[in-house]
Amino acid sequence: NSFVTRTNTCGELRSAHVGQKVTLYGWVQYQRQGLFLVLRDFQGLTQVIIPQDEAHSHLKELLSNAPLESVVRVTGTVSPRPLGQENPKMPTGDIEVKAETAEILNSCKKLPFEIKDFIKKSESLRMQYRYLDLRSSRLQSSLRLRSRVVMRMREYLCNLHGFVDVETPTLFKKTPGGAKEFLVPSREAGKFYSLPQSPQQFKQLLMVGGLDRYFQVARCYRDEGSRPDRQPEFTQIDIEMSFVDQAGIQRLIEGLLQHSWPEERGSIMTPFPSMTYEEALAEYGTDKPDTRFGMKIVDISDVLRGSNIHFVQNALSYPRGSIRAICIPEGVRYLTNKDLESLKESAKSQFNQEIMEIICRPDGSLKSLLTKFLSETEKSELIQALNMQKDDVVLLAAGEHKQVCSALGALRLLSANLLEAAGLALRDPTAFHFLWVVDFPLFLPKAENPTELESAHHPFTAPHPSDASLLYSDPTKVRSQHYDLVLNGNEVGGGSIRIHSAEQQRFVLEKVLKEDSEVLSHLIEALEFGAPPHGGIALGLDRLISLIVDAPSIRDVIAFPKSFRGRDLMGNAPDYVTPEELEPYHIQVSWPLEKKEAKKN
């Protein structure tokens, strides 16, 4: 309460304050028949008794007629609540304040929605009136927790481990590869800035500059269009170090998260488990596995290799062909036929992958179109390999390894959602399972042209030391020194050891990625001036906080987020500007035909 005129907040008064005269400021949350009101501020609620005697008639009229969410100052005396009227659900539930004077500082007009967490309101309405939504206890709690976590991170990095907090430019130039960047016009005709998708180049240049340890709570920008649960502007905890290896970065991040982790969310154990990219794909069908539950993908190629099933033999004839399956526990009990059909349709539409189901009957026998082609030995081996129990449902896929694993990985998550919706507790919402995923491929075939390569992470990632020679002979087989941090099936961080050789960086850009290295000439030249070995990582702060507080969307932990389509519904941005405002930037807008007609009318 320093620097302000209140004596106490609405959340701090207790029995020890009885008899004290206090001044409170807050919003009227609730008012009942002119008898009392509940005053709310950022810290909590206090019940205020409205005097009923004639001498205070003006005060009674003032407070009784104050609209909900009006801002009020109340001065009065703290009193114990009458016996039996205590409210154990309220921290201030043992006391009340008997009002003596009051003032309506600002009356509130009719609200577009009630400021209560249990009242359902559309997200678009919440974002249009974000300043009202911010008054909810849920958003208040999330934003304050976010602030505490960031402060603890800053303390760990700067005070305990000598990192330097450096602000890097927001206006820069286009970076080859990666996500699409926002363009910002300049007053030089035809020349544009780009908003950086991350401070990647700057943090590497800071290492060349000898800063040794850099850190920033960085604002980043990606023009990714309409993507669910993504924001065009977001925040990351950006870190870079000189003379470090992958293990050193991992130890740093584990210590950082352990130090900054909110006490009310329990403790997290370190070191975090680690898994290679190939292991993650083979067992979970994704590079960001949710390890809170089982249902791992099982390779049953050897079990069925001797069978006479045509599609099985056809799949195994491919160079990387395999037969794999997941076992859904008690699937017969919890999944309907419609659920199973939707799972199979999902695999078909998303991955062009056919799925075969096998059901384990109560007597232990198998029900499937496959069973008539299997010997008793093969059936027994299949049950053993998948650890099938009665009422389990197996989903089987055959084909190219990556496609099969990706399809089953997606079905694993969809099945988990269906099981939980039907009442089976599968994933503990209070558990936090961190995982390092390492040894990613350095390059991947481009989706639009598989004969060309693109960086799996970004073009500055160093090759795995064991694969360095392959970079020049067979780059498709090179693993990278790229590592991702995964939490409950969500990527919350990613980083790498960087290329610090100008010659190697130029080769990757020009020969492997077929990019114009001139765009990055400043960085390549910097590497020629004694660049130290260095590496780093960036943690997605929005995603991390949303998982900590179990928010349904990252928009629920950002004060002023953009909509699904990247719009600010409160301020109506982006918005039109006049031709006169565009003139200094040498830009003219070419209007779509329907817009031209609308402007004429």
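Residues numbered from 1 in each chain as written. Predicted model: local features only at pLDDT ≥ 70, side-chain atom pairs only at ≥ 80, totals over all residues. Heavy atoms only, no water.

### Brief notes about the pairing of strand E9 (residues 213-221)
So, point 1. Pairing between strand E6 (residues 164-165) and E9: two bridges, direction parallel. In the strand pairing of E9, Val 164 is matched with Tyr 214.
So, point 2. Strand direction decides the pairing type here: E9 and strand E10 (residues 233-242), joined by nine bridges, are antiparallel. When the bridges of E10 are listed, Cys 220 appears paired with Phe 234. (Pairing = 2+ DSSP bridges. Helix = DSSP H or I, 4+ residues; strand = E, 2+ residues; numbered from the N terminus.)

### Considering the environment of Met 275
So, point 1. Tracing the backbone through its elements, the reader meets Met 275 in strand E11 (residues 274-276).
So, point 2. A sequence separation of 163 residues divides Met 275 from Val 438, and the C-alpha atoms of the two residues are 6.2 Å apart.
So, point 3. Leaving out residues up to four positions away in the same chain, Met 275 has contacts with Ala 280, Tyr 284, Pro 289, Leu 435, Trp 436, Val 437 and Val 438. (Contact = heavy atoms within 4.5 Å.)

### Re the packing of helix H4 (residues 137-161) against helix H17 (residues 541-548)
So, point 1. It is at 10 Å that the axes of H4 and H17 come closest, and there the two elements cross at 120°. It follows from the interaxial angle that H4 and H17 lie oblique. For the pair H4 and H17, the crossing hand works out as right-handed. Residues Ser 142, Leu 145, Arg 146, Val 149, Val 150 and Met 153 of H4 form the contact with H17, whose participating residues are Leu 541, Asp 542, Leu 544, Ile 545 and Ile 548.
So, point 2. Tallied by class, the residues present in the contact of H4 with H17 amount to eight nonpolar, one polar and two charged. (Axes fitted to C-alpha atoms, helices over the stretch in contact; angles between N-to-C directions. Parallel < 35°, antiparallel > 145°, perpendicular 65-115°, else oblique. Left-handed = near helix turned anticlockwise from the far one by under 90°. Nonpolar A, V, L, I, M, F, W, Y, C, P; charged D, E, K, R; others polar.)

### Some words on the sheet that holds strand E3 (residues 45-49)
So, point 1. The strand order around the closed barrel formed by five strands is E1-E2-E3-E5-E4, and the pairing between neighbours is mixed. In this sheet, adjacent strand axes meet at a mean angle of 55° when their direction is disregarded.
So, point 2. Sheet topology note: the E3/strand E5 (residues 95-106) ladder contains two bridges and is parallel. Across the sheet, residue Val 48 finds its bridge partner in E5, namely Val 97.
So, point 3. Its contacts with the sheet place helix H1 (residues 57-64) against strand E1 (21-32), strand E2 (36-40), strand E4 (71-80) and E5, and it is angled at close to 75° to E5.

### Examining the side chain of Thr 75
So, point 1. In this fold, Thr 75 is placed in strand E4.
So, point 2. On the basis of relative accessible area, Thr 75 is assigned to the buried category, the value being 11%.
So, point 3. At 3.3 Å, the side chain of Thr 75 and the side chain of Arg 73 are in polar contact.
So, point 4. Leaving out residues up to four positions away in the same chain, Thr 75 has contacts with Lys 21, Val 22, Thr 23, Lys 98, Ala 99, Glu 100 and Thr 101. (Buried < 20%, exposed > 50% of the residue type's maximum accessible area, 1.4 Å probe, protein only. Polar contact = N/O pair within 3.5 Å; in protein donor to acceptor, adjacent residues only side chain to side chain.)

### Some thoughts on the nonpolar core
So, point 1. Ranked by internal contacts, the top residues of the largest apolar core, which has 49 residues, are Ile 239, Ile 253, Leu 257, Leu 485 and Leu 539.
So, point 2. The greatest single-element share of this core, amounting to six residues, is contributed by H4.
So, point 3. With residues up to four places along the chain from it excluded, the contact list for Leu 539 reads Met 153, Thr 235, Gln 236, Ile 237, Ile 253, Leu 256, Leu 257, Leu 485, Val 492 and Gly 493. (Core = buried A, V, L, I, M, F, W, Y, C linked by side-chain atoms within 4.5 Å.)

### Observations concerning the side chain of Asn 488
So, point 1. Here Asn 488 is to be found in the loop between strand E20 (482-487) and strand E21 (490-497).
So, point 2. Overall, the relative accessible area of 9% leaves Asn 488 in the buried class.
So, point 3. Within the structure, the side chain of Asn 488 is placed 3.0 Å from the backbone oxygen of Ala 431, a separation counted as a polar contact.
So, point 4. Residues within four places of Asn 488 in sequence aside, it is in contact with Asp 290, Arg 292, Ala 431, Phe 432 and His 433.

### Here's the deal with the sheet that holds strand E14 (residues 356-360)
So, point 1. The sheet built from five strands is open, its strands ordered E12-E13-E16-E14-E15 with antiparallel pairing. Whereas interior strands pair on both sides, the edge strands pair on one side only; in this sheet they are strand E12 (298-299) and strand E15 (366-367).
So, point 2. Sheet analysis places E14 next to strand E16 (residues 393-400), joined by four bridges and oriented antiparallel. The residue bridging Glu 357 from the neighbouring strand is Leu 395, located in E16.

### With respect to the environment of Asp 223
So, point 1. Structurally, the position occupied by Asp 223 is in the loop between E9 and E10.
So, point 2. Along the primary structure Asp 223 and Val 298 are separated by 75 residues, whereas in three dimensions their C-alpha atoms are 38 Å apart.
So, point 3. Ignoring sequence-local partners within four residues, the contact set of Asp 223 consists of Lys 180, Glu 181 and Phe 182.

### Here's the deal with the state of the cysteines
So, point 1. Scanning the entire structure with this criterion turns up zero disulfides.
So, point 2. Left unpaired, Cys 360 is separated from the closest cysteine sulfur, that of Cys 327, by 8.0 Å.
So, point 3. No disulfide involves Cys 405; its nearest neighbouring cysteine sulfur is the one of Cys 327, lying 17 Å away.
So, point 4. Given the relative accessible area of 0%, Cys 405 is considered buried. (Disulfide = S-S within 2.5 Å.)

### Quick notes on the domain arrangement of the protein chain
So, point 1. Along its sequence, the protein chain is organised into domain 1 (15-106), domain 2 (141-275 + 434-556) and domain 3 (293-422).
So, point 2. One C-alpha centre belongs to domain 1, the other to domain 3; they are set 63 Å apart. (Domains from an automatic or database assignment.)

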